[in-house]
Amino acid sequence: MSQIHEGVTITEDGRLLLKKAEQDQIETVWDRLETQQPQCGYCDMGLSCRICIMGPCRVDPFGEGPQRGVCGADADIIVARNLCRMIASGAASHSDHGRDLVEVLAGVADGSAIGYSIRDEEKLKRVAVEYDIDIEGKETLAIAGELAQAMMEDYGMRQKQIRLLKRAPKKRRECWEKAGIVPRGIDRETSEMLHRTHMGVDNNWQTLLLQALRNALSDGWGGSMIATEVSDILFGIPSPRPTTVNVGVLKKDQVNILVHGHNPVVSEMILEACLSDQMISLAREKGAEGINLAGLCCTGNELLMRHGISMAGNHLMTELVLSTGAVEMMLVDYQCIMPSLGEIASNYHTKMISTSDKAQFPEMVHREFHPENAQKLAYTLVREAIENYPRRGEVYIPVKPVNAVGGFSVEAIVSALGGTPAPLIDAIKAGKIRGAVGIVGCNNPKIKHDYANTTLTRRLIENDILVVDTGCVSVSTAKAGLKVAEAIKYAGPGLKEVCGALGIPPVLHMGSCVDNVRILVLASALADALGVDISDLPLAGAAPEWYSEKAATIGSYFVASGVYTVLGPMPPITGSINVVKLLTEGLEDVVGATFGVEPDPEKAAVMIRKHIESKRKKLGLPSIDV
Ligand code: SF4
Ligand code: MSK
């Protein structure tokens with residue numbers, strides 16, 4: 001390994017495969033980060049603007065050069081606009097994912113989505129009732145059709161507010177009303193955000209940022225929540241099941257197929273094809289022992305949560321996994337798929353397939369999935385992957401997989417607690433569990449791969465704080481061995497006692513990026529049970545290695561929902577002290593929560609513990625000095 005890459009990851013599979021990639025002369029994300037140095041300081045501080053073509057413009061942070069863009073926008077406006085656009089893009093991404101699921105639901109109802117079905121009728125009915133649909137005496141498919149229509153209306157501007165906001169505690173909804181940030185329609189808020197950041201529209205950095213919170217809420221309590229709920233209806237509510245993680249989940253003697261991206265619509269069909277006798281026999285005919293389907297990133301998390309499908313890696317492993325030479329086919333849908341993957345795969349026998357009408361990539365073969373053709377196409381592609389097996393060259397799978405447990409939906413957590421959140425609340429009241437933290441988000445090559453995600457998690461559970469995680473963090477902690485019941489040995493005495501009695505790990509895998517909404521639902525259930533607002537609870541959020549616009553949106557809807565959230569990497573806002581102050585202090589008076597920023601996970605853990613103890617004190621619960 002070259003000097004440059006030493007110490008870029010804490011994972012053994014990452015280290016070994018980086019070495020292999022280097023031998024194979026593969027350029028990775030870390031190489032490209034190096035070639036980008038020094039990265040633009042103006043952009044890093046959010047002080048550059050290219051919204052219109054009177055620009056591009058930049059504001060000098062030292063006060064010596066220009067202080068306004070050509071149009072007259074100052075640093076506050078430029079920084080706020082840039083952040084707002086990040087949040088709008090994140091909201092659009094998750095919510096568009098939700099829309100795709102609603103279209104499949106509508107297709108199931110009218111019979112056009114061949115091979116898809118309603119796997120959880122009870123949840124369908126429960127959600128339909130939340131949408132004020134009369135379900136009495138109606139056929140399942142009729143309810144599905146009506147629910148799909150009602151959800152589609154949530155995307156537009158036909159009502160005063162999106163429907164699932166009703167799930168939030170009353171006090172939280174009143175807070176949103178007071179702040180004027182009740183989201184009205186999912187698409188509407190993103191559209192308005194883009195409108196307001198056009199040159200010459202909203203030039204008040206405060207009102208811009210409030211709209212960004214409303215936009216984020218439209219994702220958290222709207223598009224993402226719809227994505228999760230409809231996924232559960234179509235593919236089943238996750239429940240705890242064992243799985244394995246890391247590159248060692250690839251099998252030397254089997255056809256390895258990887259799914260990467262976010263949306264389960266494609267991967268569920270691929271799974272069906274991989275499990276079919278017809279495909280398994282074909283694999284054997286070609287000399288393989290079977291077919292091994294594994295996941296990457298959040299499409300992987302969706303399969304892991306519902307079926308226990310193994311996970312080959314998170315964001316920064318997606319390039320390296322190809323250098324095993326053991327992957328017959330990688331199918332991608334959308335989001336977080338590096339455009340470099342096609343070229344890397346061309347060094348091996350791996351077939352790269354893009355599947356979404358809205359996401360194409362260089363050097364990948366595009367085979368578009370639609371609800372009508374998905375089942376047939378899934379079989380065709382799995383067949384092609386099997387036929388690719390004999391073309392395999394040398395294989396390098398340098399590690400053994402690690403065991404983990406996934407599948408902790410809210411329903412599963414409540415069931416593990418005996419049917420009610422009361423035991424969790426009692427444990428929090430008694431101080432056995434000091435509080436709970438949702439650790440979410442990505443990897444970022446600017447941070448040692450998986451170091452911040454796992455270190456923060458370890459420090460929190462050591463201090464009796466229950467951790468729930470999603471997205472790429474959940475892979476980091478699973479690889480570190482923190483997601484098995486035996487991991488209670490790493491927990492503090494109180495958390496160890498509670499998790500030990502329940503037979504659950506101290507770090508609960510709650511799903512993919514859109515599944516962060518499960519954390520909101522859980523927080524609401526705890527707040528309702530205690531008769532308080534979410535912002536009163538000893539809870540926090542963290543995104544120690546975030547990189548994506550979606551993570552900025554998730555952080556924003558956490559904060560707007562009353563959850564103090566600590567980011568690892570600093571967002572590009574340091575060019576405006578006003579924006580920094582509003583986000584890290586001022587929002588307390590608006591939504592009862594703020595952002596913190598701390599790249600060092602040891603320090604972030606202390607910040608979070610202090611916050612949790614202060615909330616405990618305010619609730620009159622026993623608290624300690626941190
Ligand atoms: Fe420059 Fe203003 Fe145009 Fe931005 S919107 S590029 S600051 S002129
Ligand atoms: S995949 S958004 S790198 S968590 Fe959801 Fe991972 Fe972050 Fe993508």
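Scroll up a little and you will see the structure.
Everything numeric in this text was worked out from a predicted model, so none of it was measured.

Describing helix H1 (residues 12-23)
An α-helix turns once every 3.6 residues. As a result, residues three or four positions apart point the same way.
For step 1, the next point in the chain: Between the first and last C-alpha of H1 there are 17 Å, a value that for 12 residues agrees with the 16 Å anticipated at 1.5 Å per step.
For step 2, the next point in the chain: Phi turns positive, to about 55 degrees, at Gln25, one or two residues after H1.

Digging into the site of ligand 2
For step 1, the next point in the chain: Around ligand 2, the structure places 13 residues, and the nearest of them are His262, Cys336, Cys442, Cys472 and Cys513.
For step 2, the next point in the chain: Among the elements of the structure, helix H12 (297-307) and helix H18 (471-479) are those that each provide at least two residues to the shell around ligand 2.
For step 3, the next point in the chain: If you count residues domain by domain, the shell around ligand 2 takes at least three from each of domain 2 (247-391) and domain 3 (405-618).

A few points about the sheet that holds strand E14 (residues 539-543)
For step 1, the next point in the chain: Spatially, 6 strands are ordered E13-E12-E11-E14-E15-E16 in an open sheet, and the strand pairing comes out parallel. Only two strands of the sheet have a single neighbouring strand rather than two, namely strand E13 (507-511) and strand E16 (595-597). Mean inter-strand twist for the sheet, computed between neighbouring axes without regard to direction, equals 25 degrees.
For step 2, the next point in the chain: Pairing analysis gives 4 bridges linking strand E11 (residues 435-439) to E14, with the strands arranged parallel. The partner of Ala436 across the bridge, within E14, is Leu539.
For step 3, the next point in the chain: Helix-sheet contacts for helix H17 (residues 451-462) involve E11, strand E12 (465-470), E13 and E14, and the interaxial angle to E12 is about 150 degrees.

Notes on the layout of surface pockets
For step 1, the next point in the chain: Here the largest pocket defines a volume of roughly 1,200 Å³.
For step 2, the next point in the chain: Around the largest pocket, the lining is made up of 28 residues, and of these Gln39, Met86, Lys446, Tyr547 and Pro572 lie nearest the centre.
For step 3, the next point in the chain: In terms of residue class, the lining of the largest pocket is made up of 16 nonpolar, 7 polar and 5 charged.
For step 4, the next point in the chain: Counting the residues that make up the lining of the largest pocket, at least three belong to each of domain 1 (77-235) and domain 3 (405-618).
For step 5, the next point in the chain: Here the second largest pocket defines a volume of roughly 330 Å³.
For step 6, the next point in the chain: Lining the second largest pocket are 20 residues; nearest its centre among them are Asp100, Val265, Phe369, His370 and Pro371.
For step 7, the next point in the chain: Counting only elements with at least two residues in the lining of the second largest pocket, the list comes to helix H4 (75-110) and helix H10 (264-275).
For step 8, the next point in the chain: Of all the elements, H4 adds the most residues to the lining of the second largest pocket, at 4 residues.
For step 9, the next point in the chain: Split into classes, the residues belonging to the lining of the second largest pocket amount to 8 nonpolar, 6 polar and 6 charged.

Thresholds applied
Residues numbered from 1 in each chain as written. Chains lettered and ligands numbered in written order. Predicted model: local features only at pLDDT ≥ 70, side-chain atom pairs only at ≥ 80, totals over all residues. Heavy atoms only, no water. Helix = DSSP H or I, 4+ residues; strand = E, 2+ residues; numbered from the N terminus. Expected span 1.5 Å × (residues − 1). Near = heavy atom within 4 Å. Domains from an automatic or database assignment. Pairing = 2+ DSSP bridges. Axes fitted to C-alpha atoms, helices over the stretch in contact; angles between N-to-C directions. Contact = heavy atoms within 4.5 Å. 1 Å grid on protein atoms, 1.4 Å probe; cavity = no way out; pocket = protein on both sides within 12 Å on 5 of 7 lines; lining within 4 Å. Points joined across faces, edges and corners; volume = space filled by probe spheres on them. Nonpolar A, V, L, I, M, F, W, Y, C, P; charged D, E, K, R; others polar.

Function-wise, these values are silent; they only describe arrangement.
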